[in-house]
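Here's the letter readout for the chains.
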Amino acid sequence: MPHTANTSPSVPADAPPATPGPSLPETQKRILVILLASQILSGVGLAAGVTVAALLAQDMLHSTTLAGLPSALLTAGSALAAVTIGRVSQTCGRRPGLAAGYLAGALGGAGVVVAAALDNPALLFISLFLYGAGTAANLQARYAGADLAAPRHRARALSTVLVATTLGGVVGPNLTAPAGHLATALALPPLSGLFLVSSAAFAMAALTLLIWLRPDPLLLARTLPSEPEAPERTGTGSAPHVQQPATHRRPGLPLGVLVMVLSQLVMVAIMTMTPVHMHDHGHGTAASGLVIALHVGAMYLPSPLTGALTDRYGPSVTAAASGLTLLAAGILAAAAPADSVLLLTVALILLGIGWNFGLVSGTTIITNAVPLATRAKTQGMVDVAIAIAGATGGMTSGIVVAAASYPFLALTGAAFALALLPAVIVTAQKTPPRTPSSER
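Residues numbered from 1 in each chain as written. Predicted model: local features only at pLDDT ≥ 70, side-chain atom pairs only at ≥ 80, totals over all residues. Heavy atoms only, no water.

By the naming in an unreviewed UniProt entry, the chain goes by MFS transporter and is assigned to Streptomyces violaceus. The Subcellular location (unreviewed entry) comment attached to the chain in UniProt states, word for word, "Cell membrane". (UniProt positions renumbered as here; feature names shortened; annotations may be inferred.)

Another point: the environment of alanine 144. Mapped onto the elements, alanine 144 comes out in helix H5 (residues 121–146). With 112 residues separating them along the chain, alanine 144 and leucine 32 place their C-alpha atoms 8.6 Å apart. Beyond its immediate stretch of four places on either side in the chain, alanine 144 contacts Leu35, Arg94, Leu98 and Pro217. (Helix = DSSP H or I, 4+ residues; strand = E, 2+ residues; numbered from the N terminus. Contact = heavy atoms within 4.5 Å.)

Attention shifts here to the nonpolar core. Counting residues in each nonpolar core, the largest one holds 49 residues, and the members touching the most others are Tyr102 and Phe195. Counting only elements with at least two residues in this core, the list comes to helix H1 (24–51), helix H2 (53–61), helix H3 (69–92), helix H4 (94–118), H5, helix H7 (176–185), helix H8 (193–212) and helix H9 (217–223). For this core, the leading source of residues is H4, giving nine residues. When near neighbours in sequence (up to four residues on either side) are disregarded, tyrosine 102 contacts Ser38, Gln39, Ser42, Gly134, Ala137, Asn138, Ala141, Phe202, Ala205, Ala206 and Leu209. Counting 47 residues, the second largest nonpolar core, distinct from the first, contains Leu162, Met267, Val268 and Val296. (Core = buried A, V, L, I, M, F, W, Y, C linked by side-chain atoms within 4.5 Å. Buried < 20%, exposed > 50% of the residue type's maximum accessible area, 1.4 Å probe, protein only.)

Judged by side-chain polarity, Leu103, Leu207, Leu210, Ile211 and Trp212 come together as a nonpolar surface patch covering roughly 470 Å² of accessible area. Looking at which element gives the most residues to the nonpolar patch, the answer is H8, with four residues. Within the secondary structure, isoleucine 211 sits in helix H8. (Patch = residues over 30% accessible without salt bridge, like charges linked within 9 Å, V, L, I, M, F, W, Y side chains within 5 Å. Areas by Shrake-Rupley, 256 points an atom, 1.4 Å probe, with all protein chains shown as cover. Salt bridge = Lys/Arg side-chain N within 4 Å of Asp/Glu carboxyl O.)

This brings us to the side chain of serine 322. By secondary structure assignment, the location of serine 322 is in helix H13 (residues 315–335). Once residues within four sequence positions are removed from consideration, serine 322 is found in contact with Ser263, Gly354, Phe357, Gly358 and Leu420.

Now for the packing of H3 against H5. The contact between H3 and H5 brings their axes to 6 Å, and the two run at 55°. Considering their axes alone, H3 and H5 lie oblique with respect to each other. As for how H3 packs across H5, the hand of that crossing is right-handed. Contacts between H3 and H5 involve Leu69, Pro70, Leu73, Leu74, Ala76, Gly77, Ser78, Leu80, Ala81, Ala82, Ile85 and Gly86 from the former and Phe125, Leu128, Phe129, Tyr131, Gly132, Ala133, Thr135, Ala136, Ala137 and Gln140 from the latter. The residue inventory of the contact of H3 with H5, partitioned by class, reads 16 nonpolar, six polar and no charged. (Axes fitted to C-alpha atoms, helices over the stretch in contact; angles between N-to-C directions. Parallel < 35°, antiparallel > 145°, perpendicular 65-115°, else oblique. Left-handed = near helix turned anticlockwise from the far one by under 90°. Nonpolar A, V, L, I, M, F, W, Y, C, P; charged D, E, K, R; others polar.)

The subject of this paragraph is the packing of H3 against helix H15 (residues 375–403). For the pair H3 and H15, the least separation of the axes is 7 Å and the interaxial angle reads 175°. Here H3 is positioned roughly antiparallel relative to H15, judged by the angle of their axes. Taken together, the residues of the contact of H3 with H15 break down into 13 nonpolar, nine polar and four charged.

In this section: the pattern of salt bridges. Using the criterion set out here, one finds three salt bridges in the structure. Aspartate 147 is the partner of arginine 94 in a salt bridge, and the nearest nitrogen-oxygen pair spans 2.7 Å. With arginine 94 in helix H4 and aspartate 147 in the loop between H5 and helix H6 (154–171), the pair connects residues that are 53 residues apart, well separated along the chain. A salt bridge links arginine 142 to aspartate 383, with the nearest nitrogen and oxygen atoms 3.1 Å apart. Note that arginine 142 is positioned in helix H5 and aspartate 383 in helix H15, a separation of 241 residues in sequence.

Following this line, the structure appears as C-alpha cells:
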C-alpha cells in the first residue's frame, strides 16, 4: 500500500518532502541499518556495567554485601533516563532522545574511571547512576525499529535491532583483560579499563544516530495514514470482527509490563551475583568474563528467531516460554557446583534466552496495545518499570547472597519465573489474539 507524507505546515522537519523519494520499506531498511550500527557500539558499552561493576564496587568497598549496589544504581539511572528518553522522543523524535541517553552514558563511564583512579566511592555511585542512561537508550532503540514496521512484522523488526547488540555484548566482556592492561598502562586501576572502552563506545553510538538516523522513524510514522485497528479473529475460518478504536483499547498492556518486569528482575538478580560467586570460588576475571559474554549473547542472539516465533504464534506463547526457560535457568544455577564453569555457563545462557523471550513478547504486546499518538511516552514509562525491577534485583541480590547463598538466590529467581505462568495463561484466555493482517 503506497504512503504519502503529510504536507501540512505542522509536518516535522525530519519528515521527507512531498516529492517522490525512497519507499517506506526502503526507508525502514535504512533506519534498521543505522540502528544496527548504533546497537553494536552500545552493546560494547553495556559490557562494563554487566561484567566488572560489581567487582569494582567490591574492591573499593571491601564488602560483598554491597556488591549488588552498582547494578541497582545502573538500573535506577536507567529508570530516570527511560522517562526522559521517552518524553524527548515523544516530542522531538527518536534520534535526539536516544542520542542524549548514549551521551549521558558516555559521561557516566568517564566518571567511573575517574572515581576508580581517585578511589572515591561517592563519585563511583553517581557515575554509575548516570551510566545507566546508556543502558536505557540501548533498550529503547528496539521501539525505534518497530515504528515503521507493519503490525504483522513488528516482533521481527524490534528483534532485528536487539540482535545487533549481540556483537558488542559478546565482544565487550572479553575485552576485560585487554582493557585492564590498557588501564594499567595509563596508571589507572585495571577494573576501570572496560569503563574507559565503554564510554568511548557509547559516545560513538550517539554520533552515529545524530548524523545518520534521518528521517526520524517516529516523526515519519506520524505523517503516514493512521494505522488501522488490527481485527480480531473470532474463530477458525471466521470473518474478522473489528473492535473499538485503538486509542481506547489496551487489553494487553498489563501483561506486557508484567512479563518484562519479572524477566528483568530474575535475570538481573542472578546475573549480577554470578561473577562475584565465581570470584569467591577462585575463578578469575577471564572465566567470569567468558560466562557473562555468552550470557549477553544469549540475551540478544536468539532475537530473530524469537521475533519470528512471536509473529507466528503470538506473544502470549513466547511469554510462557520465557517463564519456563527462566525457571530452568534458576534451578540449574542453584544446582551447579561452584567449581563447574560449564554448568554455570549453561545456566546463564538459559537465563539470557528466557530474558529475550520476555523482552520480545512483552514489547510486542505493549506496542500493539498502545496507539501511536502516545506510544513513545508510554514505552518510556514501561521501561521505567523494567528498570525499577532490575534495580530491585541488583540491590537485593548481594544482600540475599550474603545472608543465605547464591543457590538460594537462584532458586528464588526460579520461583518468580514460575509465578509468571498463571498470569500469562489467565490473560491469554481473556484477551482474543490479534491477527497480524493489517498494515499501515
